[in-house]
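Okay, here's what each chain looks like letter by letter:
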Amino acid sequence: MSAPQELELYLLGTGTSSAVPSIGCLTSVEKGCYCCRSTLSPSDPDGKYNIRRNTGAVLRIPSEKAGGRTKSLVIDCGKTFWSAAMEHWPKKGLREIDALLITHPHATFPYLTDIAKATGGGDVPALTWNIIDDSAPFYILGVRIVPLPVHHGKFFSKPPTPYYCLGFLFASRLVYLSDVSDIPQPVWEILERECELPAEWRPIEDGMAKVEINGVNEGRKGKPKIQGLVVDCLRIEGHMSHFGLGQAIEAARRIGAERTYLVGFGHMISHASWVHSMKAFQANATTSLPVLPTVRAPKPKHLWQHFSGTPVAGQEDKEVFKDYALQGIESWEGGAKGGFWVRPAADGMTIKFGGEKCRDDLYQ
């Protein structure tokens, strides 16, 4: 882009692949979790935030010409894309798709890549496919995009090999990591080269942070700082294909964004519980539970301790969940390292970046 512009990222989905709510919870009064069943109650003000579709977004790019049309870059279009578009596109004034960026393949819509697999009499999307080089920056609609090949689980081969998913650095200001289980060292080197990351993460030589890392001179000032981070967080405990809370916080601390937004949630933990816990984390609260240096990911005695915070079906205890959430963070990071701004994202929210600071339309 010829000059810095404020861009908008509309979040169409912030849930995992199964989406939220779960049909199993909706159809069981006796066993359904509070998170899912809250979506059935018009009187519950938090219920709408517990509707989470497959993680995806729209990057809105303003025209550099006065009066020009703002363009839309869709990031992923999973199983729930249609329902997300039906709800949120009219509210946001969206109508056209100018480009589609895919983070990783799913077998949900094979006809998108092979028209011979289309069935029925419906129309098939007309797409012109472009294969990107995941080791080099590229431009879409004038925005510079740097691919970030992260791990998203493993292939069940012998030996197991990483399954890669692409994250992206948009306009040097926002990092988008929707599906990630590990950030390999080459991706950290890319981010160091492109942006100014917190100095405390650099290797130390003679008591000083190294100026040169892997042949790249990092002493040069003036590199942009990352304003926003959108990062995968399935639950407190990690998963073979997704970050847990401790991993997400550790990555966010190392990236050093002004604001971090968690996405990719499963059910059983409400939006309100996540907000309560992350506000406590930001305020430097610490857990009352044991943190053992040899246990990075403590397992709860009862599953409800890492989810609703209470054994009573259909209810939740935010304080209990908060304590276990903080334990998960401190155990992974090896103790309390101090808080910073982190919040759960929500379907339909807008993140603005590229201007003076990162901001959104959900949190102050």
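Look above for the structure.
Residues numbered from 1 in each chain as written. Predicted model: local features only at pLDDT ≥ 70, side-chain atom pairs only at ≥ 80, totals over all residues. Heavy atoms only, no water.

When you look at the sheet that holds strand E3 (residues 71–75) in this model, what are you seeing that I'm missing?
The strands making up a sheet are joined through hydrogen bonds of the backbone, oriented either antiparallel or parallel. One open sheet accounts for six strands, arranged E4-E3-E2-E1-E16-E17; its pairing is mixed. Either end of the sheet is taken by a strand with one partner, and the two such strands are strand E4 (99–101) and strand E17 (359–360). Pairing between strand E16 (residues 350–353) and E17: two bridges, direction antiparallel. From the neighbouring strand, Lys352 faces E17, where its bridge partner is Arg359. Running at roughly 140° to strand E1 (residues 7–13), helix H3 (residues 81–92) makes contact with E1, strand E2 (56–61), E3 and E16 of the sheet. (Pairing = 2+ DSSP bridges. Helix = DSSP H or I, 4+ residues; strand = E, 2+ residues; numbered from the N terminus. Contact = heavy atoms within 4.5 Å. Axes fitted to C-alpha atoms, helices over the stretch in contact; angles between N-to-C directions.)

Hey, could you run me through helix H5 (residues 245–255) in this one?
Because an α-helix completes one turn every 3.6 residues, residues spaced three or four positions apart along the sequence face the same direction. Of all 11 residues in H5, 10 are buried, a share of seventy percent or more. Those residues of H5 that fall on the buried side of the exposure criterion are Leu245, Gly246, Gln247, Ala248, Ile249, Ala251, Ala252, Arg253, Arg254 and Ile255. Positioned one or two residues after H5, Gly256 has a phi angle of 70°, which is positive. (Buried < 20%, exposed > 50% of the residue type's maximum accessible area, 1.4 Å probe, protein only.)

What is the right way to read the pattern of salt bridges from this model?
Where charged atoms from two side chains of opposite charge come close, those side chains can pair. Counted under the stated rule, the structure contains 15 salt bridges. Linking Lys318 and Glu316 is a salt bridge whose minimum nitrogen-to-oxygen distance equals 3.5 Å. One connected set of salt bridges, linked through shared partners, spans Arg53, Glu87, Lys91 and Asp347. (Salt bridge = Lys/Arg side-chain N within 4 Å of Asp/Glu carboxyl O.)

How should the pairing of E16 be read in this particular structure?
In summary, the side chains of a regular strand alternate between the two faces of the sheet. Inspection of the sheet shows E1 paired to E16 by four bridges, in the antiparallel sense. Following the sheet pairing, Leu9 is matched in E16 by Ile351.

Sorry, what's going on with the side chain of Ser241 here?
Tracing the backbone through its elements, the reader meets Ser241 in the loop between strand E13 (228–232) and H5. Residue classification places Ser241 among the buried positions, given a relative accessible area of 17%. Setting aside chain neighbours within four positions, we find Ser241 in contact with His152, Gly153, Val180, Ser181 and Asp232.

Just to check I follow, could you spell out the sheet that holds strand E14 (residues 259–263) for this structure?
Spatially, seven strands are ordered E5-E6-E7-E8-E13-E14-E15 in an open sheet, and the strand pairing comes out mixed. Two strands lie at the open edges of the sheet, namely strand E5 (138–140) and strand E15 (342–344), each paired on one side alone. Between one strand and the next, the sheet's axes are offset by a mean angle of 30°, whatever the strand orientation. Where E14 lies against E15, three bridges are found, and the strand directions are parallel. Note on E15: the bridge partner recorded for Leu262 is Pro344. Contacts from helix H4 (residues 185–194) reach strand E6 (143–155), strand E7 (161–170) and strand E8 (174–177) within the one sheet, and its direction differs from that of E6 by about 165°.

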